[in-house]
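# Chain and residue survey
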Amino acid sequence: MTIFQFPQDFRWGTATASYQIEGAAQEGGRGVSIWDTFARTPGKVFNGDNGDVACDSYHRYEEDIELMKKLGINTYRFSIAWPRIIPDGDGEINREGLDFYHRFVDKLLEAGIEPFCTLYHWDLPQVLEDDGGWGNRRTVDAFVKYAEVIFKEFTGKIKFWLTFNEPWCIAFLSNLLGVHAPGNKDLQTSLNVAHGLLVAHGKAVQSFRRLGITGQIGIAPNVCWAEPYSKSPEDQAACDRSIALNTDWFLDPIYKGTYPQFMVDWFAQAGATVPIQEGDMEIISQPIDLLGINYYTMGINRFNPEAGALQSEEVDMGLTKTDIGWPIESRGLYEFMHYLQKYGNVDVYITENGACINDDLDNGKINDDRRISYYEQHLAQIHRIINDGINLKGYMAWSLMDNFEWAEGYRMRFGLVHVDYRSLVRTPKESFYWYQNVIKNNWLETRN
Ligand SMILES: CCOCCOc1ccc(-c2cn(C[C@@H]3NC[C@@H](O)[C@H]3O)nn2)cc1
């Protein structure tokens, strides 16, 4: 048994997102999002599941906050649904939507829990997608209007802000691979989306500074750590491309004001270019205060000219996997955090980390020992990272509760709390109590 002590000011939390937990999709003046549309498109989401009800957190948020208090977290990452605030994207403001989030945030603060807010966690108003989505500057301007409404409403209440969750998912998973909403499968479209959201990010940061909003603002890329299957230069280059598309493609423009040239050249071979307009890169590279990092797994990759736009394929090395099929390998988080130092020792929060373990109720309990083992391994890496002097300031487990896992629907469960989707009854899993103990002690005690 080993004891890993965490810093006294370390933030312990959990994370969720609006479309995945709220439900009430046709209530409170909410408009239609691209995920409402995508989920209703046959074949896009497992079992035809959608977010109409989800965990019904729109109505049950007080119960959810009681669970957070019981867990002992001091930070809760959530997202605001743009379609609740400006239902048609850039028109009238919906006061009912703002009031819902005020009630929610006030309850969090009352419970002594710091709100950590993501402005965009994938639920784009459908009206904007119909008019070209993130590739159309109308959407960029609409996002800035939405962000400014939220900043003005919640300044003083919310002090931690993220503009976008997982820009790689927004641009490439959703517009090149077609796996997520809106489901495009076009490289140029995905580059247009990536650039549009980066400009929107930069403009929102400019507004944040101009309006004198108290707090810190950043963005939350997801990590794809990859190591080469062989020592061949081709396999190393395939890894470099995989890592870069999740990280450098977004963080180079933000921290350096330029895209990674080797990737620009790579896409130019396929006839795809970045639609940079005059002044864009200066806007994108506004200084930010923090980074959210979402880590789940890592890959061993090799070059394969048939393996999609990056010609990089992951090799199954026979590692134990979670129930969604992702190898369990916490080492990638440690390696990535050192890779990230090339942007400086910036303040970082792990804004998502967790395991899809589909254990169900067994005599009223959920003995999700595999999830505990996953968290134990990853928190041990977090401790190593902090010990190396990296400014890792907090950790948010994905997720507080089972919820709508996008194209996987409700079959994939990431929660510390089990949700019965018929009754909506919440049941803390054994991992909830394990994490509760880590938070209470502010240390990790490994079991072997
Ligand atoms: C054609 C190949 O396609 C294979 C599927 O490819 C992916 C990749 C990555 C993911 C993925 C899912 N999550 C968890 C979410 N993060 C945000 C939060 O909302 C969680 O629900 N992170 N990454 C899914 C699918």
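Residues numbered from 1 in each chain as written. Predicted model: local features only at pLDDT ≥ 70, side-chain atom pairs only at ≥ 80, totals over all residues. Heavy atoms only, no water.

A word on the pattern of salt bridges. One pass over the full model with this rule turns up 32 salt bridges. Residue Lys429 pairs with Asp402 through a salt bridge whose shortest N-O separation is 2.7 Å. Separated by 27 residues along the polypeptide, Lys429 in the loop between β14 (426-428) and α16 (430-441) and Asp402 in the loop between β12 (392-398) and β13 (417-419) bring together distant segments of the chain. Measuring nitrogen to oxygen at the nearest pair gives 3.6 Å for the salt bridge that ties Asp420 to Arg422. Exposure remark for Arg422: the relative accessible area of 76% places this residue in the exposed category. Among the charged side chains, a salt-bridge network with shared partners connects Glu62, Lys107 and Glu110. (Salt bridge = Lys/Arg side-chain N within 4 Å of Asp/Glu carboxyl O. Helix = DSSP H or I, 4+ residues; strand = E, 2+ residues; numbered from the N terminus. Buried < 20%, exposed > 50% of the residue type's maximum accessible area, 1.4 Å probe, protein only.)

Moving on, we get to the confidence of the model for the protein. Within the protein, residue pLDDT values average 98, and 100% of them lie at 70 or more. The ipTM for the predicted assembly is 0.95, set against a pTM of 0.98. (pLDDT = per-residue confidence, 0-100.)

Now for the nonpolar core. The biggest cluster of nonpolar side chains holds 157 residues, and the ones touching the most others in it are Trp134, Phe143, Trp161 and Trp249. Take this core: its biggest share by element is 11 residues, from helix α9 (residues 187-210). (Core = buried A, V, L, I, M, F, W, Y, C linked by side-chain atoms within 4.5 Å.)

Ordered in space as β2-β3-β4-β5-β6-β8-β11-β12, the 8 strands form a closed barrel in which the pairing is parallel. Strand-to-strand, the axes of this sheet are offset by a mean angle of 25 degrees, without reference to chain direction. Direction of pairing for strand β5 (residues 160-165) relative to strand β6 (residues 216-220): parallel, over a ladder of 4 bridges. Each bridged residue has a counterpart across the sheet, and for Trp161 the counterpart in β6 is Ile217. (Pairing = 2+ DSSP bridges. Axes fitted to C-alpha atoms, helices over the stretch in contact; angles between N-to-C directions.)

The contact between helix α14 (residues 331-339) and helix α15 (residues 369-387) brings their axes to 8 Å, and the two run at 25 degrees. Accordingly, the angle class assigned to the pair α14 and α15 is roughly parallel. Crossing of α14 over α15 shows right-handed handedness. Of the residues in α15, those in contact with Arg331, Leu333, Tyr334 and Met337 of α14 are His378, Gln381, Ile382, Arg384 and Ile385. (Parallel < 35°, antiparallel > 145°, perpendicular 65-115°, else oblique. Left-handed = near helix turned anticlockwise from the far one by under 90°. Contact = heavy atoms within 4.5 Å.)

A separate point is the state of the cysteines. Applying the stated criterion across every chain, the model contains 0 disulfides. Sulfur of Cys224: no disulfide; nearest cysteine sulfur belongs to Cys239 and is 8.5 Å away. (Disulfide = S-S within 2.5 Å.)

The next subject is the UniProt feature "active site" (unreviewed entry) in the protein. Taking the numbering used here, the UniProt-annotated feature "active site" (unreviewed entry) corresponds to Glu166 and Glu352. A stretch of 187 residues holds the annotated residues, and the largest C-alpha distance among them is 10.2 Å, short enough that they meet in one place. By secondary structure assignment, the location of Glu166 is in the loop between β5 and α8 (167-175). A residue is classified by how much of its surface remains accessible, and Glu166, at 6% relative accessible area, is buried. Leaving out residues up to four positions away in the same chain, Glu166 has contacts with Trp122, Ala220, Pro221, Asn222, Asn294, Tyr296 and Glu352. With respect to the element layout, Glu352 can be found in strand β11 (residues 348-352). (UniProt positions renumbered as here; feature names shortened; annotations may be inferred.)

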